[in-house]
Amino acid sequence: MASVIEQCQVAPPPCGVAELTLPLTYFDHTWLAFHRTRQILFYKLPISKPNFIQNIIPPLKDSLSLTLKHYIPLAGNVACPLNSNGYPELRYVTGDSVSVTFSETDMDFNYLIGDYPRNAKDFYHFVPPLAEPKDAPGVQLAPVLAIQVTLFPNLGVSIGFTHHHVAGDGVTLLGFIKAWAMLHKFGGNEQHLSKEFIPFYDRSVLKDPYKQGMYIWEEIKQRNIEMRDIVTPPEHKVRGTFTIKRDDIEKLKNLILSRRQSTLTHVTSFTLTCAYVWTCLLKVEGAIGEEIIDDNVLKFFVCAGDSRARFNPPLPQSYFGNCLVGYVARTTHADLVGKEGFTIAVELIGKSIKKWMKDDDEWIMNSSWRMQFSDVDWKRTISVAGSPKLDFYATDFGWGRAAKYELVSLDNGDAISLYLSKSKDFDGDLEVGLSLSKTQMNAFAAIFTHGLGFL
């Protein structure tokens, strides 16, 4: 458990911040009905409670306020119309702020930053819920960000973020976190805030010639959109982290190229790791005695990529918002658990990514890419969150690199989700984060380690 030291609201500086309204785009709407994302950065920082209160809390609040001057919408709300005539938007008005909680705990810091299976419920003590939505004229306003900083006395601190995905994707959120870290590290000196951390807000660059934004909004309106942040910690799940080393990735690549070099495309570390984990997870079903009713049933692999560079001309990398395009690989259960399962998985994922990379912005703007999701059964799906390109471990508040990153929201949804990131320790290694039942996790660990041992 974590006990509260201080609960406060942090707003942008009172001078120089204009009110801002951003209409949602066809990339944003889908996330209105999506669960909130929750993530935690852990830092080794051996300080006492008095030191934390006197020397950590004040500069964190000051630097956060300065950061919100640039990331204005994160201090505001998503405004969802109460009637059928309106259109949703991100809205910041003077007086809006971010809820920030400072707390302390006597939980075992070293246990939480381990890679071995840990109780998934334990991490929910360190990510805050978003405040309840409020009614305003014609709309319901729901906050898009809350932060919790927790002291583990004489061991470390954690910073937990709860974020409404409708406000922005991983690129946007990481840009905000890194900007905050940089301003904190350098005492609020904004000269250290490079151009890449200054958000680009002009949504006119995101063309919508087919009126996909309105079409998707009309579809979303038919659902019962839940604006509250409903937190449901899992009862019977554990979290584990697995590292696939650069040498193992190279061996997997050589194995694949020796089998099917002529037909393979996009054989990268990401493709190889995803394919290996996908096949390992499917083998878990048999290992723990789950009944496979039909070997010919389809299994799905889903991922999404940042598409800012897919447009002509490309969107700025600092574009604030969502810009994710998904892709799907699918084949039968029998194909993936058979002798050639890993090779088939590499081939299918590689082809899906290659298509995503080759298709132009027309394919994105007319929403053709969404059609591939029409037959996806999420209960038979493995999905990927995160990307090795999003290096949360490099976020330095002046305390060094993060000791551990956890994407807590892996627990949500019908699909099994994995998180893929750069390793915290060695360049070229990749980390895979999973949230599974203890039985599934033990079986996966055995299959994952056994397979790499035979390379």
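Let me begin by describing the structure that accompanies this report.

Procedures and definitions
- Residues numbered from 1 in each chain as written.
- Predicted model: local features only at pLDDT ≥ 70, side-chain atom pairs only at ≥ 80, totals over all residues.
- Heavy atoms only, no water.
- Core = buried A, V, L, I, M, F, W, Y, C linked by side-chain atoms within 4.5 Å.
- Buried < 20%, exposed > 50% of the residue type's maximum accessible area, 1.4 Å probe, protein only.
- Helix = DSSP H or I, 4+ residues; strand = E, 2+ residues; numbered from the N terminus.
- Contact = heavy atoms within 4.5 Å.
- Pairing = 2+ DSSP bridges.
- Axes fitted to C-alpha atoms, helices over the stretch in contact; angles between N-to-C directions.
- Expected span 1.5 Å × (residues − 1).
- Arc of directions from axis to C-beta.
- Phe/Tyr/Trp six-rings, centres within 6.5 Å; stacked < 30°, edge-to-face > 60°.
- Salt bridge = Lys/Arg side-chain N within 4 Å of Asp/Glu carboxyl O.
- Parallel < 35°, antiparallel > 145°, perpendicular 65-115°, else oblique.
- Left-handed = near helix turned anticlockwise from the far one by under 90°.
- Nonpolar A, V, L, I, M, F, W, Y, C, P; charged D, E, K, R; others polar.

## Focus: the nonpolar core
- Residues Ile147, Phe176 and Phe444 are the most contacted members of the largest nonpolar core, which totals 130 residues.
- Broken down by element, the residue count for this core peaks at eleven residues, all from helix α6 (residues 269–287).
- Isoleucine 147 has contacts with Leu64, Val98, Ser99, Val100, Thr101, Pro128, Ile159, Gly160, Phe161, Phe176 and Trp180, leaving out every residue within four places of it along the chain.
- The next biggest cluster of nonpolar side chains, apart from the first, holds 13 residues, and it includes Ile40, Phe42, Leu112 and Phe152.

## Description of the sheet that holds strand β2 (residues 20–23)
- Pairing is antiparallel in the open sheet, where five strands are placed in the order β2-β5-β4-β9-β8. Edge positions in the sheet fall to β2 and β8 (134–136), since each of these pairs with one other strand and no more. On average, each strand axis in the sheet is inclined to that of its neighbour by 30°, with strand direction left out of account.

## A closer look at helix α10 (residues 438–453)
- With 16 residues, α10 should reach 22 Å at 1.5 Å per residue; the first-to-last C-alpha distance of 22 Å fits that figure.
- Residues of α10 that are buried include every one of Met441, Ala443, Phe444, Ile447, Phe448 and Leu452, and no others. Along the axis of α10, the buried residues cluster in a sector spanning 165°; they form a single face. With respect to the buried face of α10, the exposed residues turned more than 90 degrees away are Lys438, Thr439, Thr449, His450 and Gly453.
- Check the buried side of α10 and you find it contacts β12 (238–244), α5 (246–260), α6 and β18 (430–436).

## Details of the packing of aromatic side chains
- Applying the stated rule across the entire model yields 31 aromatic pairs.
- For the pair tryptophan 278 and phenylalanine 301, a centre-to-centre distance of 5.4 Å together with 40° between the ring planes defines the contact as tilted. You can see tryptophan 278 sitting in helix α6 and its partner phenylalanine 301 sitting in strand β13 (residues 298–306), a full 23 residues away along the chain. Neither residue differs from the other here; tryptophan 278 and phenylalanine 301 are each classed as buried.
- Ring centres 5.0 Å apart and planes at 50° place the aromatic pair tyrosine 405 and tyrosine 419 in the tilted group. Of this pair, tyrosine 405 sits in strand β16 (residues 404–407) while tyrosine 419 sits in strand β17 (residues 416–422), placing them 14 residues apart in sequence. In terms of burial, tyrosine 405 and tyrosine 419 fall into one category: buried.

## Brief notes about the pattern of salt bridges
- All chains considered together, the criterion is met by 24 salt bridges.
- Arginine 38 is the salt-bridge partner of aspartate 229, the closest N and O atoms lying 2.5 Å from each other. Residue aspartate 229 is located in the loop between α4 (212–221) and β12, and its partner arginine 38 is located in strand β3 (residues 37–44); the two are separated by 191 residues in the primary sequence. Each member of the pair, aspartate 229 as well as arginine 38, carries the same accessibility label: buried.
- Between lysine 221 and glutamate 218 there is a salt bridge, and its shortest N-O distance comes to 3.0 Å. Separated by three residues within a single helix, lysine 221 and glutamate 218 lie in helix α4, roughly one turn from each other.
- Residues joined in a network through salt bridges with shared partners are Asp115, Arg118, Arg239, Lys404, Glu406, Asp411, Lys424 and Glu431.

## Considerations on the packing of α6 against helix α8 (residues 341–358)
- Two numbers describe how α6 lies on α8: the axes approach to 8 Å, and their chain directions differ by 135°. For the element pair α6 / α8, the angle class is oblique. Of the two possible hands of crossing, α6 and α8 adopt the one that is right-handed. Together, Phe270, Thr271, Leu272, Cys274, Ala275, Tyr276, Trp278 and Thr279 of α6 and Gly341, Phe342, Ala345, Val346, Ile349, Gly350 and Ile353 of α8 make up the contact between the two elements.
- Partitioned by chemical class, the residues of the contact of α6 with α8 number eleven nonpolar, four polar and no charged.

## Brief notes about the pairing of strand β9 (residues 139–143)
- Judged by how many residues are buried, β9 sits mostly within the fold: four of five residues are covered.
- Bridge count for strand β4 (residues 77–81) against β9 is five bridges, and the pairing is antiparallel. Across the sheet, the residue bridging to alanine 79 is leucine 141, located in β9.
- Alignment of β8 against β9, held across three bridges, turns out to be antiparallel. Bridged to lysine 134 within β9 is leucine 141.
- Counting the residues between successive antiparallel strands, the hairpin from β8 to β9 contains two residues, one of them, glycine 138, with a positive phi of roughly 80°.

## Focus on the sheet that holds strand β15 (residues 381–385)
- The sheet built from seven strands is open, its strands ordered β7-β12-β18-β17-β15-β13-β14 with mixed pairing. Each end of this open sheet is capped by a strand with a single partner; those strands are β7 (118–119) and β14 (324–332).
- Here three bridges tie β13 to β15, and the two strands are oriented parallel to one another. Directly across from phenylalanine 301, in β15, lies its bridge partner isoleucine 382.
- Its contacts with the sheet place α6 against β12, β13, β14, β15, β17 and β18, and it is angled at close to 150° to β13.
- Across the sheet, α10 lies against β12 and β18, angled at about 10° from β12, the strand it touches most.

## Section: helix α3 (residues 170–185)
- Between its first and last C-alpha atoms α3 spans 22 Å; for 16 residues at 1.5 Å apiece the expected length is 22 Å, and the two agree.
- Judged by how many residues are buried, α3 sits mostly within the fold: 13 of 16 residues are covered.
- With its phi angle positive at about 65°, glycine 187 sits one or two positions after the end of α3.

Just geometry here; none of it tells us what the structure is for.
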